[in-house]
Amino acid sequence: MSSEAVILLETVNFAAEKHRNQRRKDAEQTPYINHPIGVARILSHEGGITDIEVLQAALLHDTVEDTDTSIGELQAIFGQTVARIVQEVTDDKALPKHERKRQQVEHAPHASHQAKLVKLADKLYNLRDLNRCTPTGWSAERVQEYFVWAAQVVRGLRGTNPALERHLEELFKQRGVEL
Ligand SMILES: [Mn+2]
C-alpha cells in the first residue's frame, strides 16, 4: 500500500502529462496544470480538506472534460471513488454550451458531498482568476455574466464547506451579485 504522499504525486503527475500541451485563457497563457493544482490546494489549504480522494479528484477534475482521458482509465488507475467524483464534475460535451451551463446549475444540489467540494474550489479558483485578469477575447459583460452564472451553481452547493463558501460570498458581493 502506497503512502498518501506517493499517491498524490502519482495523481499530479498523471494530470500534468494529460494537460501537457494545454494553456489557460489568460494573456500569459499560464500552463493549464496550474489550475487543477490550485483547486486541490484551495481544498487543502483553505477548506481544511484532508480526504485524499477529494484532493485526487480535484487534481484530475478536468482530465476527462478537456483531455483524452476516460472515466474507465481513472477507475483502473485511481479507483472507483476518485473516478466517480471526476465523473460528477464533468460536463457532457455532447451538449451545447448553454445547456451544459444550465445542467451545472440543475445538478449542483444533487451532487455528492465530495463532488460539491471540488465544484466549490473550482469556482473559487476560476472567479479569482477572472479578478486577476480578463481572459483573451472576453468582454467585461461576459466576465460579469460568468459571475452571475457561477452564483447560481454555488447556490446549490451551500452547506458544504463554510470557509470556501465565505470566500465565494465575498467575491459575489464585490460584483454586486446576489448569492
Ligand atoms: Mn476546472
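Residues numbered from 1 in each chain as written. Predicted model: local features only at pLDDT ≥ 70, side-chain atom pairs only at ≥ 80, totals over all residues. Heavy atoms only, no water.

- With an unreviewed UniProt entry as reference, the protein chain is termed Guanosine-3',5'-bis(diphosphate) 3'-pyrophosphohydrolase MESH1, source organism Oncorhynchus kisutch.
- According to the UniProt record, the Catalytic activity (unreviewed entry) comment for the protein chain is "guanosine 3',5'-bis(diphosphate) + H2O = GDP + diphosphate + H(+)". (UniProt positions renumbered as here; feature names shortened; annotations may be inferred.)

1. Section: the coordination of the manganese ion
- Protein coordination of the manganese ion is provided by His35 (NE2), His61 (NE2), Asp62 (OD) and Asp122 (OD), with donor distances spanning 2.2 to 2.4 Å.
- Counting along the primary sequence, the residues that act as donors to the manganese ion give the motif H-x25-H-D-x59-D. With a gap of 26 residues between them, histidine 35 in helix H2 (residues 34-46) and histidine 61 in the loop between helix H3 (52-60) and helix H4 (63-66) connect regions that are remote in the sequence. (Donors = N, O, S within 2.8 Å, 3.2 Å for Na, K, Ca; no water. Helix = DSSP H or I, 4+ residues; strand = E, 2+ residues; numbered from the N terminus.)

2. Thoughts on the layout of surface pockets
- Within this model, the largest pocket holds a volume of roughly 920 Å³.
- Around the largest pocket, the lining is made up of 32 residues, and of these Lys25, Glu65, Lys97, Asn126 and Tyr146 lie nearest the centre.
- Elements with a minimum of two residues in the lining of the largest pocket: H4, helix H7 (97-107), helix H8 (113-132) and helix H9 (140-155).
- Of the residues forming the lining of the largest pocket, the biggest block, 8 residues, is contributed by H8. (1 Å grid on protein atoms, 1.4 Å probe; cavity = no way out; pocket = protein on both sides within 12 Å on 5 of 7 lines; lining within 4 Å. Points joined across faces, edges and corners; volume = space filled by probe spheres on them.)

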